[in-house]
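Here is what each chain is made of, one letter per residue.
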Amino acid sequence: MSFPQFAFNNVRRGARTYMAFFLSSAFMVMIFFSYSVFMYHPGVTSIEMGENSAAGMMIASYIVFIFAFFFVMYSISAFLKLRNQEFGILMILGARPGQINRLIMLENMLIGLLSIVTGMAAGMLLSKLFLLLSTKAIGIDNLPFYWPVKALVTTSVAFIALFLANSVFTLLFIRKNQVLELLKGSVKPKKEPKVSWLLSILGLALLTAGACFIWTPLSPLSLLSAAVTGIPGTYFFYSQLSVLGMRLLKISRKRVWRGTNLLWISEMSYKIKDNARMLFLVTVVTSLACMAAGFLLSVSQSNRTGYMNSPFGIIYTIYDRGAAAADTGRQKILSTLEQNGIKYTENKVNFIRSSIKDQRDKFKSVMLLPLSRFNQLAGQIESNALPALTDGEAVLVLNPRYRDVKFDSGQTVSLPAPNEQKLALKQVQTPKAMPFGQYTAPVLIVSDGYYEQAAAAADRSNLMEYYLYNIPDWGDAPPKAGEPKTLISSELETWSRNWNSANDNWDTLISTSAGDYMASKQGTSMLSFIGIFIALIFSLSSASFLYFKLHTELNADMKMYHSLSKIGLSVRKMSPAATRQIALLFYIPILVAAVQTLVVIRPVLYQISIRNVTMPVLVTAAAFLAVQTVYFIIVRSRYIHSLKKMMV
């Protein structure tokens, strides 16, 4: 039997052991290849948003590749640890270190090549479906199938290099061990887990510091500081704080000596300490996936809420009353709506651009609106009419998108004109969506008398006209691609951009709620589509990490349960004890990841004016929990089945 045949037989005999690693690697190859098929498609650059979508796919492929590198390295090292006794026997029989290194290299490359071929074959079969789904999700024109030569070459070279590099790195694990150490394998007596109070306090301090950093004003530095403190804190949580928690469970003798609690609590102290690195990796991976999914779900939900609470389907803004295009744009809107038989209500509103000082003596832009005009619009914007105001009173309507603008009822503000007038804020309102456009500055509602004084003293450049079109048929549900309101909105916005560009005149603007909704949806849809596959990889890899670790420890657990069965432990009692241990390893990372996601994503979304955070995060965590439960059921059944064979 030749040396390559020996390596092939080793892989074939250990097919059940390598299957999870092989399938996970093949899935990563398939996703990387699918992204490459999209990136290198000849029709992508000629489509609107095609280049941005390709760039997003490229970033995603980098993430997949980097994660695949660490996943493969961890998996190979786990398998090598499992085969320590085998390597020790080979060295006793005369195998040289170079031959064992060659054997490991051949086995790893054989599995790697099989996963590359399988992944690219699956990618080729599903490439047409992937192109169809990606174009539908992103909202671009359909891309025809093509022969992806460049994608095949790129994927092959990238993953051959990845498996080769990992094979070289993992050889270091063998060279460090002597024959006696290899023969002992994984059955060496375990030392009792020890806890360092200093490291426990440090871990708690790091987690607290990370939570504090994330609540500071959003910036790259604050996010980096939160990551630098939170990630090491998570590791210390598993290596120190969790072991300390298991020790605290042992304090109550009544609890410990009940049923099989002594068995699984004692074992979990060892397993959590031994698996701290693996649990840490699973938690970080799951947290990243939960944060990304929760963020996208929150943004999507906020976008839907903003559209449903926007009372005006079309807003035509005239920044200069003397602009040549002022009447041209309005006529375009009216003719388009009438040609399509759409019922509407046109509202003309005159604003005065001004500013007020906040509590920190900083000027904030506002738009003045007379009380009488606001009360006329109150029914259309689903607001109550306001009571009469004196010349020294005002009501401030804040835009929920601008959280840095903060004022309180009863506060006195000053306007620069006319004559440094001071106004007392009778009310401060923050609607779910700004009725005069999602990017409109806060609106200061003043008495009609004061408004006339301000209009007389204002410069022409500060006088603005808004034409607000209330279209009842457009507010029943969010728009979809191809619907009349979507097509009409796109037509009007495109005409506005083209007209302004052709005439080099940007004194007018047509904006639509459907156009804003579709633009935001298109961006989040692309990220969601990319994120779904990355989340699947993370989830599958997390389950594989746990499977590898449990498989590595299976021989030691089988011997332990075999010995316990001799002194009376029944299968009926063994099964719940083992199930609790497996469940804790599977579900603790999910719970920790959900808490970390809430802690991190809530302040981040609050600072971009998205308040509905808890439900999207819980939905995301529930999805990961459901997927993890499927993996848990599969792994648990195989694990318990193996243990039952050793019971007397």
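A brief report on the enclosed structure follows.

Here is what the cut-offs are and how they apply
- Residues numbered from 1 in each chain as written.
- Predicted model: local features only at pLDDT ≥ 70, side-chain atom pairs only at ≥ 80, totals over all residues.
- Heavy atoms only, no water.
- Helix = DSSP H or I, 4+ residues; strand = E, 2+ residues; numbered from the N terminus.
- Buried < 20%, exposed > 50% of the residue type's maximum accessible area, 1.4 Å probe, protein only.
- Contact = heavy atoms within 4.5 Å.
- Salt bridge = Lys/Arg side-chain N within 4 Å of Asp/Glu carboxyl O.
- Phe/Tyr/Trp six-rings, centres within 6.5 Å; stacked < 30°, edge-to-face > 60°.
- Patch = residues over 30% accessible without salt bridge, like charges linked within 9 Å, V, L, I, M, F, W, Y side chains within 5 Å.
- Areas by Shrake-Rupley, 256 points an atom, 1.4 Å probe, with all protein chains shown as cover.

## Here we look at the overall build of the chain
Okay, step 1: On a plain count of helices and strands, the chain comes out with 20 helices and nine strands.
Okay, step 2: The 648 residues of the chain split such that 48% are buried.
Okay, step 3: Intrachain contacts of the chain at a sequence separation of at least 6 include 81% that bridge at least 24 residues.

## Looking at the pattern of salt bridges
Okay, step 1: Within the structure shown, the criterion is met by four salt bridges.
Okay, step 2: Here Glu393 makes a salt bridge to Lys426, at a shortest N to O gap of 3.9 Å. In this pair, Glu393 sits in strand S4 (residues 393–397) while Lys426 sits in strand S6 (residues 422–429), placing the two residues 33 residues apart along the sequence.

## Quick notes on the packing of aromatic side chains
Okay, step 1: Applying the stated criterion across every chain yields a total of 11 aromatic pairs.
Okay, step 2: Consider the rings of Phe586 and Phe632, whose centres lie 5.8 Å apart with planes at 70 degrees: the pair is edge-to-face. Residue Phe586 is located in helix H19 (residues 571–606), and its partner Phe632 is located in helix H20 (residues 614–646); the two are separated by 46 residues in the primary sequence.
Okay, step 3: Using a relative accessible area of 11% as the deciding quantity, one classes Phe632 as buried.
Okay, step 4: One aromatic cluster is present, built from ring pairs that chain together Tyr235, Phe236 and Phe280.

## Examining a nonpolar patch on the surface
Okay, step 1: Taken together, the side chains of Leu125, Leu126, Leu129, Leu132 and Leu133 make up a nonpolar region of the molecular surface, amounting to roughly 480 Å² of accessible area.
Okay, step 2: Along the chain, the position of Leu126 falls in helix H5 (residues 97–138).
Okay, step 3: On the accessibility criterion, Leu126 (39% relative accessible area) is partly exposed.

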